[in-house]
Amino acid sequence: MAVLVLVLVLLATFLPSTALAAFSPAFSFFLACGAGSTVTFPRDSPARNFTPDDGYLTTKSVPAVTNANPNSVASPLYDAARASSSAFSYRFPVPDSAGQQAAFFVLRLHFFPFSPASPSTVSLSSARFAVSVQDAYTLLSSFSPPNAGVVKEFFVPAGGSGDFSVTFTPASGSAAFINAVELFPAPAELLWNGSVTPVGVGAAALNIAAWPKDALETVYRLNVGGPEVTKENDTLWRTWLPDDPFLFGPAGSSMLQNTTTQIVYATYTKELAPDVVYKTQRAANVSAAGAGAVPPRFNVTWTFSAEPGSNYLVRLHFCDYELLSSVVAVVSVFNVFVAQSMGTQDFTPTQFETQANTALYMDYAATAPISGNLTVSIGMSAKSGTGEGGFLNGLEIMKVRPSDSSLAAGSHGSRNKRVLITALSAVLGASVLASAALCLFFVVRRKRRMARAAPLEKESSKPLPWSQESSGWVLEPSSRSGEGTTGAMQRVSTQLHIPLEELRSATDNFHERNLIGVGGFGNVYRGALRDGTRVAVKRATRASKQGLPEFQTEIVVLSRIRHRHLVSLIGYCNEQAEMILVYEYMEKGTLRSHLYGPDSDGAAAPLSWKQRLEVCIGAARGLHYLHTGYSENIIHRDVKSTNILLGDGFIAKVADFGLSRIGPSFGETHVSTAVKGSFGYLDPEYFKTQQLTDRSDVYSFGVVLFEVLCARPVIDQALERDQINLAEWAVGWQRRGQLDRIADPRILGEVNENSLRKFAETAERCLADYGQERPSMADVLWNLEYCLQLQETHVRRDAFEDSGAVGAQFPEDVVVPRWVPSSTSFMTTGDPDDTAVTDVGVVNSKVFSQLSSGEGR
C-alpha cells in the first residue's frame, strides 16, 4: 500500500495537475430523437445515454418516424428520427452558472435518411432544410443529408445564461428531420486560448478578433499518420479520421513515426486532443527526394476541399519525440504552409516546449482561395538539418459561420451603398445620356471593324514576346492585319507566369509516373506547386504543329474569366521554348470516365441519375456564363464529355478553351470562320455554312446530354449502321417514346419518368437542324433544373432503400470527406477514336486542346 501511495505521489510531482483531471461537463444533453426508450453506449469514454427527446420539443405535434429496416444500420440511434414538413425546435435548459462560465457549447447533430416505416408522408431521402440556433446563427442552409449519413459538429458561443434553442426549418415543399442531438459545454481551453496566425493573400483583412463571437463548424479532423480514433477513445466523443485520403504527392515522400513514451500535457489536458493522436505522426521522407532536391521545395502536402472565400480556423498538432538530439544540440526546424501560403517559417518546437513528447498545437486563420483547394504543407527550411523535413501529428479545420446579425449588418451596409450609388447614377445619368448616344455609334463601328480584322483564332504576323525561332517555334504569318491574340497576350498579367524551374520541381522533372494524359498538344502531368496547390500541367511537345494558336487562345480566354463551373487557369510558362499551361486539378476526372464501362474495367464509379443531372446543370451554367456573362460572347466550340471535368462533390467544370473564339459583335448574327470541333459533337449547320453561333455549343451540349442518358460513345463504328451516330440513334428512339430502349440500365430503377422525359426532350431540342430552332443555354439550364426538381419532388424512395443495402454502416462522424483521391487520375479521358476537325476537310488527329486521352493511361 505504501508503495502505491509513493507511486501516486511521484506521478503527481512529475505530471501537470491538468493532466490528472478528466473532463466532466457541467451539463450535457444526449437525445435519441423520435426514440421510445433510452439508447445506451457503455463503451464511450465516458459512457453516454441518449434519452428520448419528447421533453425538449417546443412543439408537441412533431411526428416521430421509425426505420423500416432497423437491422440495416450499425447504430440504434438511427432506428428512429423526428421529422416534419413544418418547422420545429428543441429547447435545452442551460444552468445559469454553466452558461456564464463556458465560452462555447459543443453541438452535434446526427442525420441518417432512412426509409420510414408506413404510415409516413415524410421523405427523409429528399429532405432539404435549414438549421439555426439561438435565433442568431444559421448553421446549415438548404441542407440535404447524404444517403450514407453524416454527423455535423459545431462550436456555438454560449452567450451567457438562458435556454439554448435549435430550430429545423424545411425548404418549401420539403421536410426536415434529425436522428440525434448532443449538447454540452466545451472545455475552457479548447478555443481561443492561444494566438492565431493569419495567413494567405487576404490575411490583412481577416478580423480575427471578432471570430470568438462566431460559430465554428468542424469540417475535417484527422489523426495524421495514425489509424481512425473513435468516440470510445476520445473524452469529447470525437472521431479522428486517417489522413491518407487527403495526402497528396508521390508514394514514399512521407514516412510514419510513433512513440510509446507517455505524452506530456504541459499546458492543457487530453480534451484538446487525445494522446493517441500525439503518439503517431507523419514526417517528411527527405531521402526520397533524391540528391538533386532543393531543401525549401520538398514538402509533404495535404489537400482539402473548401468553399472559396469562406474563412477557416486551421489547427495543427505537433509532438516532438526527440526535442533535443542526444549527440549534439540539433533541434527540429521546418516550414509550415497553410492555405497555399507561409504559415510559420522556420518553425521550431523548442521555442514553445522544452520537454520531449510534449503536446503542442498552432492555430492559423485563412480564407479559402478561389480554386477551392485549402492545403496544409510541412517542408524543409533553409535552417533544416540533414534529413529533417518536419512532422505533423493531427489536423483540424473549422469553418467560421458568422452570426446572422453580423451578416444582416453587412447586407444593410451594402443596401445603403447601393442606394447611394443609384441616386448618384440617376443624377449623372441625365447629364451623360446625350454623350453616350453619340459615342455608341462610333463604338459599334469600331467593334465591327476589329471583329472583322482579327478573329480570335487567327494569329498576328508578329512573333510572340517569347518566341524563339531558332528552337523550332515559328508563327505562321496571318493574312489579316490587326491586333489578334498576340496583342492580347502582351497584356496578360505577368502574375500568371510560373517559372519553368518550379514546374519541373512540381512534376518531378516531368517524370513518367506523373503522366496522366496525352493529347495532340502534348503530355499532361499532375503536380503540386511550391505552396501545395495541386495542378494539372499541360506541356507541348516539339512535334506538335497545332499548339501555338490554341496556347495563345487558352491564356487569353481564361485570364479574362472566372466562374465556379469553368476550370481555372493557374498560370503558364514560356521559358526556353516551352509552352506549358497549368490548370486547377480536378480529382474526379472527366464526365466520360464516369459514364462508360463497369468498375471492374477500370472506369470511374458510375453516377446516379441525380448526380448526372447536377453535373449537366453545372456544365450548362458554365456555358451560359461564356455566352452571356462576359462583356463579349465567347463560343467554346469543343463541348464534349471529355471537356467536362468533375471536382469535389462532383462539381462540374467546363475545360479546354483552345478552340474558343469571340462570338458575333453587336448587330451581327454569326461569325464566319473555319470549322473546328470534334466529330460526333459538331454542329452540322456550322459544318455546312462555316457560320458559327453560340447555338453550335448548344448542339454539342445536346449530344453530351444523350451521352449522359445512354452512357455510350457518340461515334461507335462497331455498331450497326443506324446506331453508329449517337445523336441520330437517340433522337429516333426519343421520338418513338421508347427511352427505356436507350437509357443506361444502371439508372433505370431510380429515374423518375417525368424527369427522364423532360431531359430527353431538352436534348432533342438542342439537336435541331437549324440553330434558330435550338434553345439558348439559359433555356437549357432552366429545363435541366426543372428535371432535377421533378426527380427530387416525385421520387419518395430510392430503389435500394427497401433492400436494406443502404445504411449498413455507421455514418462517418463529424466529417464526410468531400474529396477522396484514388490511383485513377483526374484526366483519364478521351478515347482513341476522338478526332478533330481542324478545317473544312477531315484531319485524322487529336484535337489540340484535349487535356488527355486514353493513350495517356
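The structure presented is a predicted model; accordingly, all values stated were derived computationally and were not measured. (Residues numbered from 1 in each chain as written. Predicted model: local features only at pLDDT ≥ 70, side-chain atom pairs only at ≥ 80, totals over all residues. Heavy atoms only, no water.)

Draft legend 1. Up close: the overall build of the protein chain. Each helix and strand counted, the protein chain has 13 helices and 40 strands in total. Burial statistics for the protein chain: of 857 residues in total, 54% are counted as buried. Taking as baseline every contact in the protein chain between residues at least 6 positions apart, the subset at least 24 positions apart corresponds to 75%. Carbon and sulfur atoms make up 53% of the accessible area of the protein chain, which totals about 36700 Å². (Helix = DSSP H or I, 4+ residues; strand = E, 2+ residues; numbered from the N terminus. Buried < 20%, exposed > 50% of the residue type's maximum accessible area, 1.4 Å probe, protein only. Contact = heavy atoms within 4.5 Å. Areas by Shrake-Rupley, 256 points an atom, 1.4 Å probe, with all protein chains shown as cover.)

Draft legend 2. Spotlight on the pairing of strand β27 (residues 394–401). Burial analysis of β27 places 8 of its 8 residues in the buried class, which makes it a mostly covered element. Here β27 shows a buried face lined by G394, E396, M398 and V400 and a second buried face lined by L395, I397, K399 and R401. Where strand β21 (residues 311–319) and β27 come together, 6 bridges link them in antiparallel fashion. If you follow H317 over to β27, its bridge partner there is G394. (Pairing = 2+ DSSP bridges.)

Draft legend 3. How the structure looks around the environment of A605. Residue position: A605 is located in the loop between β32 (580–584) and α8 (609–629). Note on A605: relative accessible area 42%, which makes it partly exposed. In the structure, A605 is positioned 11 residues away from H594 in sequence and 5.7 Å away in space, judged by C-alpha atoms.

Draft legend 4. View of the pattern of salt bridges. Considering all chains together, one arrives at 32 salt bridges under this definition. Its salt-bridge partner being E182, residue R108 comes within 3.0 Å of it at the nearest N-O pair. Of this pair, R108 sits in strand β7 (residues 104–111) while E182 sits in strand β13 (residues 180–185); the two residues are 74 residues apart in sequence, bridging distant segments of the chain. Among the residues examined, R108 registers a relative accessible area of 1% and is labelled buried. (Salt bridge = Lys/Arg side-chain N within 4 Å of Asp/Glu carboxyl O.)

Draft legend 5. Looking closely at the environment of V535. Residue placement: V535 occurs in strand β30 (residues 534–540). With 36 residues separating them along the chain, V535 and G571 place their C-alpha atoms 9.9 Å apart. Beyond its immediate sequence surroundings of up to four residues, V535 is in contact with Y525, R526, G527, A528, L529, I570, V582, Y583 and Y585.

Draft legend 6. Here's a closer look at the packing of α8 against helix α12 (residues 753–766). The N-to-C vectors of α8 and α12 enclose an angle of 35 degrees; their axes lie 12 Å apart at closest approach. Crossing of α8 over α12 shows left-handed handedness. Facing α8, whose interface residues are W609, L613 and C616, α12 presents S755, L756 and F759. (Axes fitted to C-alpha atoms, helices over the stretch in contact; angles between N-to-C directions. Left-handed = near helix turned anticlockwise from the far one by under 90°.)

Draft legend 7. The arrangement of the sheet that holds strand β22 (residues 334–338) in detail. Pairing in this open sheet of 5 strands is antiparallel, and the strands run β17-β20-β25-β22-β23 from one edge to the other. The open sheet terminates on both sides in strands that have one partner only, identified here as β17 (247–248) and β23 (341–347).

Draft legend 8. Quick peek at unusual backbone geometry. In the Ramachandran plot, A339 falls in the positive-phi region, its phi being about 55 degrees despite a non-glycine side chain. Relative to the assigned elements, A339 resides in the loop between β22 and β23.

Draft legend 9. Local environment of the packing of aromatic side chains. Evaluated as defined, the whole model comprises 34 aromatic pairs. With centroids separated by 5.5 Å and ring planes inclined at 80 degrees, the aromatic side chains of Y220 and F246 adopt a geometry described as edge-to-face. Within this pair, whereas Y220 is found in strand β15 (residues 215–223), its partner F246 is found in the loop between β16 (241–242) and β17, the two being separated by 26 residues in sequence. Here the two residues Y220 and F246 agree in accessibility, since each one is buried. These aromatic residues form a ring-pair network of at least three members: F27, F29, Y56, F88, Y90, F92, F105, F164 and F168. (Phe/Tyr/Trp six-rings, centres within 6.5 Å; stacked < 30°, edge-to-face > 60°.)

Draft legend 10. Molecular detail of the packing of α8 against helix α10 (residues 694–710). The contact between α8 and α10 brings their axes to 11 Å, and the two run at 170 degrees. On the basis of the axis angle, α8 is roughly antiparallel to α10. For the pair α8 and α10, the contacting residues are W609, R612, C616, A619, A620, L623 and H627 in the first and D694, D697, F701, L705, V708 and L709 in the second. Of the residues in the contact of α8 with α10, the class split is 9 nonpolar, 1 polar and 3 charged. (Parallel < 35°, antiparallel > 145°, perpendicular 65-115°, else oblique. Nonpolar A, V, L, I, M, F, W, Y, C, P; charged D, E, K, R; others polar.)

Draft legend 11. Structural view of the nonpolar core. Core analysis: the biggest nonpolar cluster contains 87 residues, and F111, F164 and F168 have the highest contact counts within it. Looking at this core element by element, the count peaks at 6 residues for β7. There are two domains that each give this core at least three residues, and those are domain 1 (29–186) and domain 2 (197–406). Within the second largest apolar cluster, 76 residues are counted, among which are Y572, V615, Y625 and L726. (Core = buried A, V, L, I, M, F, W, Y, C linked by side-chain atoms within 4.5 Å. Domains from an automatic or database assignment.)

Draft legend 12. Expanded view of the sheet that holds strand β26 (residues 391–392). Ordered in space as β18-β19-β26, the 3 strands form an open sheet in which the pairing is antiparallel. At either margin of the open sheet sits one strand with a lone partner, and together these are β18 (254–258) and β26. Strand direction decides the pairing type here: β18 and strand β19 (residues 280–284), joined by 5 bridges, are antiparallel. By the bridge assignment for β19, S254 is matched with A284.

Draft legend 13. Structural detail: the confidence of the model for the protein chain. Across the protein chain, pLDDT averages 76, with 72% of residues at or above 70. Long-range and interchain partners of residues 448–493, a stretch whose pLDDT sits below 50, account for 84 contacts in this model, where long-range means more than four residues apart. Confidence drops under pLDDT 50 across residues 598–602; counting only partners more than four residues distant or on other chains, this segment forms 4 contacts. (pLDDT = per-residue confidence, 0-100.)

Draft legend 14. Summary view of helix α11 (residues 726–735). The buried fraction of α11 amounts to 7 of the 10 residues, a majority that puts the element mostly inside the structure. Turning to α11, its buried residues are L726, A727, W729, A730, V731, W733 and Q734. For α11, the secondary structure elements touched by its buried residues are α10 and α12. Measuring from the backbone nitrogen of A727 back to the side-chain oxygen at the start of α11 gives 3.0 Å, which picks out N725 as the cap. Positive backbone phi, approximately 70 degrees, marks G737, located one or two places after α11. (Polar contact = N/O pair within 3.5 Å; in protein donor to acceptor, adjacent residues only side chain to side chain.)

Draft legend 15. How the structure looks around the side chain of N514. Looking at the element boundaries, N514 is found in the loop between α6 (500–506) and β28 (515–518). Its relative accessible area of 7% is what places N514 among the buried residues. Of note is the side chain of N514, whose polar atom sits 3.1 Å from the backbone oxygen of T507. A distance of 3.5 Å separates polar atoms of two side chains, one belonging to N514 and the other to D508. Filtering out sequence-adjacent residues up to four positions away, N514 remains in contact with T507, D508, V524, Y525 and R526.

Draft legend 16. Structural view of the side chain of D363. With respect to the secondary-structure elements, D363 resides in strand β24 (residues 359–367). Residue classification places D363 among the buried positions, given a relative accessible area of 3%. One polar contact links D363 to R315, side chain to side chain, over a distance of 2.8 Å. Not counting residues up to four positions away in its chain, the partners in contact with D363 are S195, V196, T197, L313, V314 and R315.

Draft legend 17. Inspection of α10 at higher detail. The terminal C-alpha atoms of α10 lie 25 Å apart, and with 17 residues this matches the ideal 24 Å at 1.5 Å per residue to within 8%. Within α10, 16 of the 17 residues are buried, which leaves the element mostly enclosed by the surrounding structure. Phi turns positive one or two residues past the end of α10, at A711, with a value near 55 degrees. (Expected span 1.5 Å × (residues − 1).)

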